[in-house]
Amino acid sequence: MADKEAGGSDAGPRETAPTSAYSSPARSLGDTGITPLSPSHIVNDADPDVSEQQSFLVVVAIDFGTTSSGYAYSFTKEPECIHVMRRWEGGDPGVSNQKTPTTILLTPERKFHSFGYAARDFYHDLDPNEAKQWLYLEKFKMKLHTTGDLTMDTDLTAANGKKVKALEIFAYALQYFKEQALKELSDQAGSEFENSDVRWVITVPAIWKQPAKQFMRQAAYQAGLASPENSDQLIIALEPEAASIYCRKLRLHQMIELSGKTAVNGYSGRDTVGAGFAQAKEHIRRNRQSRTFLVENVIGEIWSELEEGDKYVVVDSGGGTVDLTVHQIRLPEGHLKELYKATGGPYGSLGVDYEFEKLLCKIFGEDFIEQFKIKRPAAWVDLMIAFESRKRAAAPDRTNPLNITLPFSFIDYYKKFRGHSVEHALRKSNVDFVKWSSQGMLRMSPDAMNALFKPTIDSIIEHLRDLFQKPEVSTVKFLFLVGGFAEAPLLQQAVQAAFGDKCRIIIPQDVGLTILKGAVLFGLDPAVIKVRRSPLTYGVGVLNRYVEGKHPPEKLLVKDGTRWCTDVFDKFISADQSVALGELVKRSYTPAKPSQLVIVINIYSSEHDNVSFITDPGVKKCGTLRLDLTGTSGVAVPARREIQTLMQFGDTEIKATAVDIATSKSVKVGIDFLNY
């Protein structure tokens, strides 16, 4: 086994599950691998260059959401003004919003046509037969969360069933935002705004795995927001972190507190949910014309009550996912420290749509609903829009029914499909809380609507309960409820009922824009987040001296009379370990064979923290450093050549470097989760 063919499996295609042929450092490319220089030392020093920033005139943040998206910006000269993008054409009754739906339309030739309301309205107006040729996509961001083996080639399915490359769709969407933002900036400045003047920030859920975060960065490069050579122009921010940064700036008049303890703004807790929210909405509606938000350059009042070491939870509930993050305050600057690695799951408001779809299947039959979606995709979209605005009217104390208009083509197609009327189906279905009204509407009782919310809200509460069991989280002072789904009174009430006695529950007034504004603030001062938790364990594959009895016999490799143990995982950092931003972890290695001139260092990651070998289950290769030292023969090299390997843990990216100490030759690589 030891004399396995040079070239190993490294040269081959993407690796599959670990087998004995798994590329071990010793057997790949005919090299002899590296071995730690004893003693192995770690130096944790923050990189002095991190603060060297190139200067940008403006920061533009894009909140690319599952259901809706938008951008906001701030000029670096006046960081206290955050401007939210212009009003979008279109818009739905009952949904006042500064964001646009995350929907995209491609022509039958697969060229970008439109985004947002424009895409939806154009698609809706197409003749049904023509519509089948066009590619319409919505709610596609979830695919990045749910795909286990995401690659650059992952597909998305359009409403007509055709497949398109996810990377292309994400790049089109980002390019659209780039063009809109640059156009708005140019109009405002009265002169052409260049992309190089902009620092871009894109927000992603904290619970996304690394490949999904990297995918977003690749899509942004393809859309021309930044380039691999100029990667600092783009920051990938985590949604709950952005929300957290914004919440620190809140003044009391900018939020609603859901607890009976104190009267906020003169309301007692009992009527806060209803009256307070109504009044707040009125206030927002009046200010809607002004799209500029002043962020006072102070720590908000609520923040001034927090002391060093205080903890708070940010619950970011959006369309697709719910993200929970626990932060702790570090004074005097009020920097944030992530206390507990982000958790959450796919419990966004989409869950409610899914329950509605299940209800329709129960009434009209799954076979009909599936057919209807394929044959009348635009009408299906209309039906979901009608549901969306009624969904927003659901409230705990509602007594009158909610009416959902069925598109004419639904009623018509059902009659053709089944031979009887929609009304007949409702009577027959014994779903007793949904009735048919003669105006062509489904009439849902409030209980029926609340039942659609229940599974999703239960999952969120359940998840929060688990989180509150953790010792690090037991003494939380505040819970900030943010994200689009946080506007749902049913969710507010459930969170208040479950946790109101444990901590103070706060909702920023413009809750749907919280993340967007926080992302702008983050772009203006990326150093505000000081400590993160590493989501994975990272290390490199090395050879160690073989120790009888300690190392498994199948790992024994004899080279030039020396007995080595192969496939050893030499750990750089463990999952859930605290990592300071810009922190460097260093290790020194030496080639197992002194004459070796091409040194290959393979980097591996795992979700587990107790990893011994790179062949352990769940270990994935995510980077290769190839240091070529040929042509350096004139240099006096010590008998044990020192190769220093450094890993720098940055915002959501990780960079690795290998340096040959004798010649200072070095090679750099970004950790890559998509191409291995």
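Identification of the protein chain as Heat shock 70 kDa protein 12A from Propithecus coquereli is taken from an unreviewed UniProt entry. The Sequence similarities (unreviewed entry) field of the UniProt record for the protein chain holds the comment "Belongs to the heat shock protein 70 family."

The next point concerns the overall build of the protein chain. Scanning the protein chain from N- to C-terminus turns up 16 helices and 34 strands. In the protein chain, once contacts between residues fewer than 6 apart in sequence are set aside, the share between residues at least 24 apart is 71%.

Looking now at the confidence of the model for the protein chain. Residue-level pLDDT values for the protein chain average 78, and 79% of them are 70 or greater. Within the model, the stretch residues 39–52 combines pLDDT values under 50 with 26 contacts to residues more than four positions away or in other chains.

Moving on to the packing of helix H10 (residues 366–375) against helix H12 (residues 408–418). Orientation of H10 relative to H12, taken along the N-to-C sense of each, is 125°, at an axis distance of 11 Å. Judged by the inter-axis angle, H10 sits oblique to H12. Considering how the two elements wind past one another, H10 and H12 form a crossing that is right-handed. Judged by residue contacts, Asp367, Phe368, Ile369, Gln371, Phe372 and Lys375 of H10 engage Ser409, Phe410, Tyr413, Tyr414, Phe417 and Arg418 from H12.

What follows concerns the sheet that holds strand E27 (residues 562–573). For sheets, the rule is that strands pair by backbone hydrogen bonds, running either parallel or antiparallel. Judged by pairing direction, the sheet is antiparallel, and its five strands sit side by side in the order E26-E27-E25-E30-E31 without closing on themselves. The two strands at the open ends of the sheet, each matched to only one other strand, are strand E26 (556–559) and strand E31 (620–628). Each neighbouring strand pair of the sheet contributes to a mean axis angle of 35°, computed without reference to strand direction. When strand E25 (residues 537–545) meets E27, the two strands line up antiparallel, connected through seven bridges. Within E27, the position partnered with glycine 541 by the bridge is phenylalanine 569.

Since there are 3.6 residues in each turn of an α-helix, residues three or four apart along the chain are aligned in direction. Buried within H10 are the following residues: Phe368, Ile369 and Phe372. Taken end-on, H10 shows its buried residues confined to a sector of 95°, consistent with a single buried face. On its buried face, H10 is in contact with helix H9 (350–364), helix H11 (377–391) and H12.

Cut-offs applied
Residues numbered from 1 in each chain as written. Predicted model: local features only at pLDDT ≥ 70, side-chain atom pairs only at ≥ 80, totals over all residues. Heavy atoms only, no water. UniProt positions renumbered as here; feature names shortened; annotations may be inferred. Helix = DSSP H or I, 4+ residues; strand = E, 2+ residues; numbered from the N terminus. Contact = heavy atoms within 4.5 Å. pLDDT = per-residue confidence, 0-100. Axes fitted to C-alpha atoms, helices over the stretch in contact; angles between N-to-C directions. Parallel < 35°, antiparallel > 145°, perpendicular 65-115°, else oblique. Left-handed = near helix turned anticlockwise from the far one by under 90°. Pairing = 2+ DSSP bridges. Buried < 20%, exposed > 50% of the residue type's maximum accessible area, 1.4 Å probe, protein only. Arc of directions from axis to C-beta.

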